[in-house]
Amino acid sequence: MELAYKKLGEGTPIVILHGLYGMSDNWISIGRELAQNYEVYLLDLRNHGDSPHADTISYPEMARDIFVFFNHLSLEKAIILGHSMGGKTAAFFAALYPEFVEKLIIVDILPFSNNKPEDLKHARIHRGIIDALKSIDLNKVKTRTEISKELEKKIGSKPVAQFLMKNINRDSDNNFSWKLNLKVISEQLEQIFKVLKKEIISDIETFENIPSLFIKGGNSDYLLDNDFEVIKSYMPLAQFKTIENAGHWVHAEEPEEFLEIVNSFLMQVK
């Protein structure tokens, strides 16, 4: 599958992977800042943004999509930055294709198993979000404002509703549709909550030479301090930073501190 993407800047390549319900546009501000010193690629993962829809969505498949992207652009090696679902995708890609990864930055997600009760809570929250999206009959609404208000009422969060509204398409006949493949994501949501296990890694030592940074939001429970030991068992070179005043969308809530941490890590000698 050939993924849609945006390219900014010149220099060492950085590939940025968005989270669930996201798209490359969510990272355009961060991308522009990084593009002052790097060649930045903002990707739309399968079933998201402007990338093709597919009947399946799994991390090995998304990692394979990125492998195809690397080959298509003749990229030999890149820094991979991924948030949430994109962070898991980045970890799977590094496990399956470590020769393409110079450094790894994973934002507010644990890609490995730690049997956290929070995971069940997140699964319920996301099922509720998907049900809210599916409940809106786009054939009956007339304005984006109408959709936004309905989403806010069903989800109970104006910022989340505004974030989801980026997925609304409107054609020349004023018909609305979803950019993301809501049907497949709904049917295969459990795939999004799967984690990277040592059994699928042919050589666990592939992580040992990849410098890695994990950035967590201090107000988020997607990545917890007691997850760090689990991460270290996979990635002995992993570093950890917490942005205290941020939730799960760390890069959007505290962009200046986020960029400072990322740039400091990227400037470290491998």
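Summarised in this report is the structure supplied together with it. (Residues numbered from 1 in each chain as written. Predicted model: local features only at pLDDT ≥ 70, side-chain atom pairs only at ≥ 80, totals over all residues. Heavy atoms only, no water.)

## Looking at the overall build of the protein chain
And then number 1: A tally of helices and strands in the protein chain yields eleven helices and nine strands.
And then number 2: Against the 2.2 N^0.38 benchmark of 18 Å for 270 residues, the protein chain shows a C-alpha radius of gyration of 18 Å, consistent with a compact globule.
And then number 3: Each principal axis of the C-alpha atoms in the protein chain carries an extent, and together these give about 55 × 40 × 35 Å.
And then number 4: The proportion of buried residues among the 270 residues of the protein chain is 54%.
And then number 5: A separation threshold of at least 6 residues defines the contact pool for the protein chain, and within that pool the share at least 24 residues apart is 74%.
And then number 6: Put simply, the protein chain shows about 12500 Å² of open surface, and 46% of that area lies on carbon and sulfur atoms.
And then number 7: Measuring between centres, the 31 positive side-chain charges of the protein chain sit 5 Å from its 39 negative side-chain charges. (Helix = DSSP H or I, 4+ residues; strand = E, 2+ residues; numbered from the N terminus. Rg over C-alpha atoms; globule rule 2.2 N^0.38 Å. Buried < 20%, exposed > 50% of the residue type's maximum accessible area, 1.4 Å probe, protein only. Contact = heavy atoms within 4.5 Å. Areas by Shrake-Rupley, 256 points an atom, 1.4 Å probe, with all protein chains shown as cover. Lys, Arg positive; Asp, Glu negative; His and termini not counted. Charge placed at Lys NZ, Arg CZ, Asp CG, Glu CD.)

## Some words on the packing of aromatic side chains
And then number 1: As enumerated under the stated definition, the model contains 16 aromatic pairs in all.
And then number 2: Judged by centre distance (5.4 Å) and plane angle (40°), the ring pair of Phe 93 and Tyr 97 falls under tilted. Of the two residues examined, Phe 93 and Tyr 97, each falls in the buried class.
And then number 3: Taken together through their ring pairs, the aromatic side chains of Tyr 5, Tyr 41, Phe 67, Phe 69, Phe 70, Phe 93, Tyr 97 and Phe 100 make up a single cluster.
And then number 4: In this structure, Lys 103 is placed above the aromatic ring of Phe 265, and the distance from its NZ or CZ to the ring centre is 5.2 Å. (Phe/Tyr/Trp six-rings, centres within 6.5 Å; stacked < 30°, edge-to-face > 60°. Lys NZ or Arg CZ within 6 Å of the ring centre and 35° of its normal.)

## Thoughts on helix α3 (residues 85–96)
And then number 1: Counted at 1.5 Å a residue, the expected span for α3 with its twelve residues is 16 Å, and the 17 Å between its end C-alpha atoms agrees.
And then number 2: Counting buried positions over the twelve residues of α3 gives eleven, a clear majority of the element.
And then number 3: Buried within α3 we find Met 85, Gly 86, Gly 87, Lys 88, Thr 89, Ala 90, Ala 91, Phe 92, Phe 93, Ala 94 and Ala 95. (Expected span 1.5 Å × (residues − 1).)

## So, the pattern of salt bridges
And then number 1: Per the counting criterion, the structure on display carries eight salt bridges.
And then number 2: Here Lys 6 makes a salt bridge to Asp 25, at a shortest N to O gap of 2.9 Å. With Lys 6 in strand β1 (residues 5–8) and Asp 25 in the loop between β2 (13–17) and α1 (28–34), this residue pair connects regions lying 19 residues apart in the sequence.
And then number 3: Note on Lys 6: relative accessible area 29%, which makes it partly exposed.
And then number 4: Of the residues examined, Asp 25 reaches a relative accessible area of 37% and is grouped as partly exposed.
And then number 5: With a closest N to O distance of 2.9 Å, Lys 183 and Glu 187 form a salt bridge. Of this pair, Lys 183 and Glu 187 both sit in helix α7 (residues 182–187), four residues apart, which is roughly one turn of the helix.
And then number 6: Given a relative accessible area of 56%, Lys 183 falls into the exposed group.
And then number 7: For Glu 187, a relative accessible area of 46% corresponds to the partly exposed category. (Salt bridge = Lys/Arg side-chain N within 4 Å of Asp/Glu carboxyl O.)

## What to know about unusual backbone geometry
And then number 1: The phi dihedral of Ser 84 is positive, around 55°, even though this residue is not glycine.
And then number 2: Turning to its location among the elements, Ser 84 is positioned in the loop between β4 (78–83) and α3.
And then number 3: Ser 84 gets classed as buried once you look at its relative accessible area, which sits at 10%.
And then number 4: The phi torsion at Asp 108 lies on the positive side, around 50°, for a residue other than glycine.
And then number 5: Turning to its location among the elements, Asp 108 is positioned in the loop between β5 (101–107) and α4 (117–135).
And then number 6: For Asp 108, a relative accessible area of 0% gives the class buried.

## Let's talk about the nonpolar core
And then number 1: Residues Phe 70, Ile 80, Phe 93 and Met 235 are the most contacted members of the largest nonpolar core, which totals 68 residues.
And then number 2: Non-local contacts of Phe 93, meaning those with residues more than four positions away in its chain, are made with Ala 63, Ile 66, Phe 67, Phe 70, Ile 80, Pro 98, Phe 100 and Val 101.
And then number 3: Residues Leu 34, Ile 215, Phe 258 and Leu 266 belong to the second largest nonpolar core, which totals 26 residues. (Core = buried A, V, L, I, M, F, W, Y, C linked by side-chain atoms within 4.5 Å.)

## Some thoughts on the sheet that holds β5
And then number 1: Taken in spatial order, the seven strands of this open sheet run β1-β3-β2-β4-β5-β8-β9, and their pairing is mixed. A single partner strand is all that each edge strand has here, and the edge strands are β1 and β9 (238–243). Averaged over all pairs of adjacent strands, the angle between strand axes in this sheet comes to 15°, irrespective of strand direction.
And then number 2: Pairing of β4 with β5 involves six bridges; the strand directions are parallel. What sits directly across from Ile 79, in β5, is Lys 103.
And then number 3: Contacts from α3 reach β2, β4 and β5 within the one sheet, and its direction differs from that of β4 by about 145°.
And then number 4: Helix-sheet contacts for helix α11 (residues 255–266) involve β2, β4, β5, β8 (212–217) and β9, and the interaxial angle to β5 is about 155°. (Pairing = 2+ DSSP bridges. Axes fitted to C-alpha atoms, helices over the stretch in contact; angles between N-to-C directions.)

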